[in-house]
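# Chains, contacts and geometry: an overview
Listed below are the residues making up each chain.
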Amino acid sequence: MAQKRIRIKLKSYDHKILDQAVRQIVETTEQAGTQVVGPVPLPTRIQKFCVIRSPFIHKDSREQFEIRTHKRLLSILEPNTKTIEALTRLNLPSGVDIEMKL
């Protein structure tokens, strides 16, 4: 028989807030009595942008910006109803994107 699991993928621009959210999820699932695998750090997506500082005279002068998206992956093995209820009632910090797959 296939093993039931919940996959949780978290994304955030700030790694400190992301680690705090992961810690909250791990604590609540362990209190519910289930086993957690992870957090597994996934590769950070880096978007780089190059912008001209002055469009009229100084066209060679440029400024660079980047956006880093940090990601983590959690797996909850053999979830029960108590675990699912605890995860739905969980208040996570703003700025964290959550994607859950059953």
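Shown above is the structure to which this text applies.
Scope of this entry: the structure provided in the associated data block. (Residues numbered from 1 in each chain as written. Predicted model: local features only at pLDDT ≥ 70, side-chain atom pairs only at ≥ 80, totals over all residues. Heavy atoms only, no water.)

### Considerations on the sheet that holds strand E3 (residues 62-77)
- Taking strand neighbours across the sheet as the criterion, the four strands line up as E2-E3-E1-E4 in an open arrangement whose pairing is antiparallel. Edge positions in the sheet fall to strand E2 (35-52) and strand E4 (96-101), since each has one partner strand and no second. For this sheet, the mean inter-axis angle between neighbouring strands, taken without regard to orientation, is 15°.
- The pairing of strand E1 (residues 5-12) with E4 spans six bridges and is classified as antiparallel. Directly across from Ser12, in E4, lies its bridge partner Val96.
- Lying on the sheet, helix H1 (residues 15-31) is in contact with E1, E2, E3 and E4; it crosses E3 at an angle near 5°. (Pairing = 2+ DSSP bridges. Helix = DSSP H or I, 4+ residues; strand = E, 2+ residues; numbered from the N terminus. Axes fitted to C-alpha atoms, helices over the stretch in contact; angles between N-to-C directions. Contact = heavy atoms within 4.5 Å.)

All we've got here are geometric facts, nothing functional implied.
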